[in-house]
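Examination of the molecular architecture
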Amino acid sequence: MKHIFIIEDDSGILDGLTFLLADNYQITPIMDAREALEKLSSERPNLILVDLLMPHLNGRDFIKQLSERQIDIPILVMTASSSVETQLKGLKVAGIIQKPFGIEEIESRISQLLAS
Amino acid sequence: MTQPLNPFLIGCGEQGKLIAAHDWGATPLGYIDQWSQSLKTSVSIILNSHQPMCIAWGAEQTFIYNDAYIPILSLSKHPWALARSFAEVWSEIWYIFGPLAEKVFKDGEPTFVNNVQLFIRRNDSLEKTYYSFSYSPIRDETGEVKGLLCSCVDVTAKLLLERRLKKLEKPSTKIKLDSAKAPKGIESGLYQENLFSIFMQAPIGICMFEGPEHVYVFANPTYMALFGGERELIGKSLRQALPELKGQKHTVSGCYYSELLSKVYRSGKPFIGKESSIFLLQADGSKKQFYLDFVCQPKFGINKKIEGILVVVIDVTAQVLVRKKIEEAEQRLKMALTSTHLGTWDWDIRSAKLTMDEKTRALHGFKDELQADSLKALIKKIYADDKKLFMSKFKNTVKIGKDFDHECRIVSPNGSIHWIHYMGKVLHNPKGKRLRIIGTVMDTTEKKKYEQDLKNAIAARDDFISIASHELKTPITSLKLQIQIAKRKLKPETHLAEKFNHLLDISSQQIDRLTNLIDDLLDIAKIRSGKFDAQFKPTCLKTLNENVVKRFLGELETKKNIIYSKIDSEIIGNWDESRIEQVLVNLVSNAIKYAPNKPIYINAKVKGGWVDYSIRDSGPGIAEEKQSIIFRRFERAANAQEIHGLGLGLYIVRKIVESHKGQIYVKSKEGKGSTFIVKLPIDPLLV
């Protein structure tokens, strides 16, 4: 079973995604990106879903730290901002999904990313 | 028989012809062909002069004269005098001319005599005349005096006039002029006639009053035109003639005008008025204001008793009005400068002297003009970090003559910092040399503060857009997920499953509506804050259109629409893909919304660097008067009451199209559907 980290500070979204995806994937729900970094020292998920605007450590800085630590895991960014391309300039991400998204949309994106 | 004219006599008037025709062989000068060159030249000179001139030539002093000399000789001597001896021609006054002529011939000494009284025989009688004349020697090539050149001016008239004017200055001179038209009372004689003529023709107003009631006895045409108009003045007192003067005061002296004349009459002292305002009755019955310079001069009789008053008036209204206009303009400029808080300055390029007005000095904290007379003094006031740029910009203005426009900080004496905006214009002389820079200064400290406040407000709004975007969309994302998951997990066999399913569908639709509204509002906020930047990249229209249509498949099925797309393959434009997608989504969704159960036709083709994308529905159509306003904010087609939304969609569409330098418009007829046409340049950056 493929393993996915979901990093999202909004519990409604985090719980919803976990409930939706738990049937088909192994899900680690994380509310604080700093905790995700800690876990990454011992775990290697197949995919990371990450929100951008979060307290403590935002999605952008989280992705930056991954590349500094040379951790190469596909990342799907979930964002409510439309001008996200400029914010993520120079960073390696596998995809971007605009909030609000439907369950079919997120499922298809995840399965696509995990298949490739 | 007429002889051909000797060349030196050509064009030499009546005398030239007479000389040519004269039998010179019988005279001491001999035949004309044998005349010496100096004689010929001398004759030619006098004949070509318009001044009375004559020549006496040779030992016999043979007399030759020009046309202008004829009146001096008069008919009694002309043409008899030609070729006679000088002494014979002027025998009656030879006692004067003789010795002078001898001086010229013997000693070669020229003579000039001024205002000599001569009795000249004219028309068989002796006449008293005055002449100024000069005698000059004419020498030939050897230097020997061969002739005498006499040049004359009749100064009789001039001399008489001078003497008469001298007499006029004496107060005892009796001037009595009874009527302007018929100077009957005027003493006979040239003097009075001349004086009268001078008065009548004078371009200044002259009048004369007599007696204590100031009765007009004379007024020249200039005076009549100014004061009388059509009125008769002569014989009337000032009070009767100019009733409008009643109550009018001479402002400087505070005297009524009638009283003013009485004062002169009583005291015998003249009165001079400068630019005195006076209202005079016009022919049309109106009163007109004049400004007059005038002199009231008492007129004395033989026994030195005052008989009347001579008044000389010059109308200076035009000059005064022009000056007043200039003064007013200056005043207005001053007021304008005061009310706009502008100060002025003037820098003389040659002397490097700076002149500031009071306002400019006050702005810079200069106490007096001496402190503020150089650029150095000004630069001292400028904030240390800003000095260098100010100086380089100022030098550049002086060097190339470009307008000076610079804003920098100065330190006021109390240590506070002020922003000052300096503007200056270079003035040139007609040859293009730069002479001065004149300009204005304005304290822009407040303006700067507002600008900063505005920047902060814009930054705050931008923050709001991004925060609002996140804060609004996060709960919606959560809600959407929950509802969709609930719907999926709802077990069909459950009691009330069908009812719940329906409720969840409605909730889902409401979420989508809310999402669209939030997107629209955020787009509007971006448009308003100017953050609506397009990110251009190669975009395939056909693919984009297919994706959009796919997105609506569910809706198309429920609303029973079919979309027929016909798009030239491989239309690739340099566009913002997500924004153009937004345009297509909006137009397709409108077509489905307004025209359910009907086919929709999408068409796109390229023509000369532009793409025409059209989408045609068979809906209710849009009334003509509504067609242009549906692209404005909060507008919707009026016959679409049942359709929800804020009416922002087409406004945003228009803004997106315009950000791509394109156009959008609609063709529609009520009841016959609508066609929306988007014209987009293939590459907006090239337009």
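No experiment lies behind these values; they were computed from the predicted model shown.

**Things to note about the overall build of chain B**
Within chain B one finds 21 helices and 24 strands. Taking all 687 residues of chain B together, 42% fall into the buried category. Within chain B, residue pairs in contact and separated by at least 24 positions form 52% of the contacts whose partners lie at least 6 positions apart. In the structure as shown, chain B presents an accessible area of about 39,200 Å², 56% of it carried by carbon and sulfur atoms.

**Describing the side chain of Thr-27 of chain B**
Residue and element names in this part refer to chain B. Mapped onto the secondary structure, Thr-27 falls in the loop between α1 (13–21) and α2 (37–47). Overall, the relative accessible area of 13% leaves Thr-27 in the buried class. There is a polar contact of 2.7 Å between the side chain of Thr-27 and the backbone oxygen of Trp-24. Those residues in contact with Thr-27 that lie beyond four places of it in its chain are His-22 and Ala-83.

**Quick look at the sheet that holds strand β21 (residues 599–607) of chain B**
Residue and element names in this part refer to chain B. The sheet built from five strands is open, its strands ordered β19-β21-β22-β24-β23 with mixed pairing. A strand with exactly one partner marks an edge of an open sheet, and here the two such strands are β19 (562–567) and β23 (663–668). For this sheet the average axis-to-axis angle between neighbouring strands, irrespective of direction, equals 15 degrees. The strands that helix α19 (residues 577–594) touches are β19, β21, β22 (610–616), β23 and β24 (674–681); relative to β22, the one it contacts most, it runs at about 25 degrees.

**Some points on the nonpolar core**
By size, the foremost hydrophobic cluster in this structure holds 47 residues, and its most contacted members are Ile-19, Trp-35, Val-43, Phe-63 and Trp-90 of chain B. Once residues within four sequence positions are removed from consideration, Val-43 of chain B is found in contact with Phe-8, Leu-9, Ile-19, Trp-35, Ile-55 and Ile-64 of chain B.

**Focus: the packing of aromatic side chains**
Each aromatic ring pair is specified by the distance between its two centres and by the angle formed by the two planes. All names here are of chain B. Under the defined criterion, the tally for this structure stands at 27 aromatic pairs over all chains. Taken together, the aromatic side chains of Phe-63, Tyr-65, Tyr-69, Phe-86, Trp-90, Trp-94, Phe-97, Phe-133 and Tyr-135 make up a single cluster linked through ring pairs. The ring of Phe-366 is capped by Lys-381, whose NZ or CZ atom sits 5.0 Å from the centre of that ring. Above the ring of Trp-419, the side-chain terminus of Lys-448 is found at 4.3 Å from the ring centroid.

**Describing the confidence of the model for chain B**
Residues and elements named next belong to chain B. Mean pLDDT over chain B: 83, with 90% of residues reaching 70 or higher. Here residues 169–189 is modelled with pLDDT under 50, and outside its nearest four sequence neighbours on either side it reaches 34 contacts, counting other chains as well. Overall fold confidence for the complex sits at a pTM of 0.42, while the interface term, ipTM, reaches 0.89.

**Notes on the interface of chain B and chain A**
Chain B puts 16 residues into the contact, and the matching count from chain A is 20 residues. When chain B packs against chain A, close to 1,700 Å² is buried across both sides, 63% of that on carbon and sulfur atoms. Its largest share of buried area at the contact with chain A, chain B owes to His-470, Leu-481 and Arg-488 of chain B, together 31% of the area lost on that side. The shortest N-O distance in the salt bridge between Asp-23 of chain A and Lys-489 of chain B comes to 2.9 Å.

**As for helix α17 (residues 541–551) of chain B**
Listed as buried for α17 of chain B are Leu-541, Leu-544, Asn-545, Val-548 and Val-549 of chain B. Looking straight down α17 of chain B, one finds its buried side chains confined to an arc of 130 degrees; they lie on one side.

**Considering the packing of helix α1 (residues 11–21) of chain A against helix α15 (residues 445–489) of chain B**
Following both chains from N to C, one finds α1 of chain A and α15 of chain B inclined at 30 degrees, their axes separated by 8 Å at the closest point. By the angle between their directions, the pair α1 of chain A and α15 of chain B is classed as roughly parallel. Note on packing geometry: the crossing formed by α1 of chain A with α15 of chain B is left-handed. The residues of α15 of chain B that touch α1 of chain A, namely those facing Gly-12, Ile-13, Gly-16, Leu-17, Phe-19 and Leu-20 of chain A, are Thr-474, Thr-477, Ser-478, Leu-481, Gln-482, Ile-485, Arg-488 and Lys-489 of chain B. For the contact of α1 of chain A with α15 of chain B, the residue count by class is six nonpolar, six polar and two charged.

**Examining the pattern of salt bridges**
Tallied over the full model, the rule gives 30 salt bridges over all chains. Close ionic contact of Lys-99 of chain A with Asp-51 of chain A constitutes a salt bridge, the shortest N to O distance being 3.0 Å. A residue pair is termed long-range when its members are at least 10 positions apart, and Lys-99 of chain A in the loop between β5 (95–98) and α5 (103–115) and Asp-51 of chain A in strand β3 (residues 47–51) qualify at 48 residues. Across the pair Glu-327 of chain B and Arg-323 of chain B runs a salt bridge whose closest N-O atoms are separated by 3.3 Å. Pair noted here: Glu-327 of chain B and Arg-323 of chain B are both in helix α11 (residues 317–339), with a separation of four residues, about one helical turn. Owing to a relative accessible area of 40%, Glu-327 of chain B belongs among the partly exposed residues under this scheme. The exposure class assigned to Arg-323 of chain B is partly exposed, which follows from its relative accessible area of 35%. Ionic contacts of the salt-bridge type, sharing partners, join the residues Glu-407, Lys-447, Lys-448 and Glu-451 of chain B into one network.

Cut-offs and rules
- Residues numbered from 1 in each chain as written.
- Chains lettered and ligands numbered in written order.
- Predicted model: local features only at pLDDT ≥ 70, side-chain atom pairs only at ≥ 80, totals over all residues.
- Heavy atoms only, no water.
- Helix = DSSP H or I, 4+ residues; strand = E, 2+ residues; numbered from the N terminus.
- Buried < 20%, exposed > 50% of the residue type's maximum accessible area, 1.4 Å probe, protein only.
- Contact = heavy atoms within 4.5 Å.
- Areas by Shrake-Rupley, 256 points an atom, 1.4 Å probe, with all protein chains shown as cover.
- Polar contact = N/O pair within 3.5 Å; in protein donor to acceptor, adjacent residues only side chain to side chain.
- Pairing = 2+ DSSP bridges.
- Axes fitted to C-alpha atoms, helices over the stretch in contact; angles between N-to-C directions.
- Core = buried A, V, L, I, M, F, W, Y, C linked by side-chain atoms within 4.5 Å.
- Phe/Tyr/Trp six-rings, centres within 6.5 Å; stacked < 30°, edge-to-face > 60°.
- Lys NZ or Arg CZ within 6 Å of the ring centre and 35° of its normal.
- pLDDT = per-residue confidence, 0-100.
- Buried area = accessible area lost by both parts, 1.4 Å probe.
- Salt bridge = Lys/Arg side-chain N within 4 Å of Asp/Glu carboxyl O.
- Arc of directions from axis to C-beta.
- Parallel < 35°, antiparallel > 145°, perpendicular 65-115°, else oblique.
- Left-handed = near helix turned anticlockwise from the far one by under 90°.
- Nonpolar A, V, L, I, M, F, W, Y, C, P; charged D, E, K, R; others polar.

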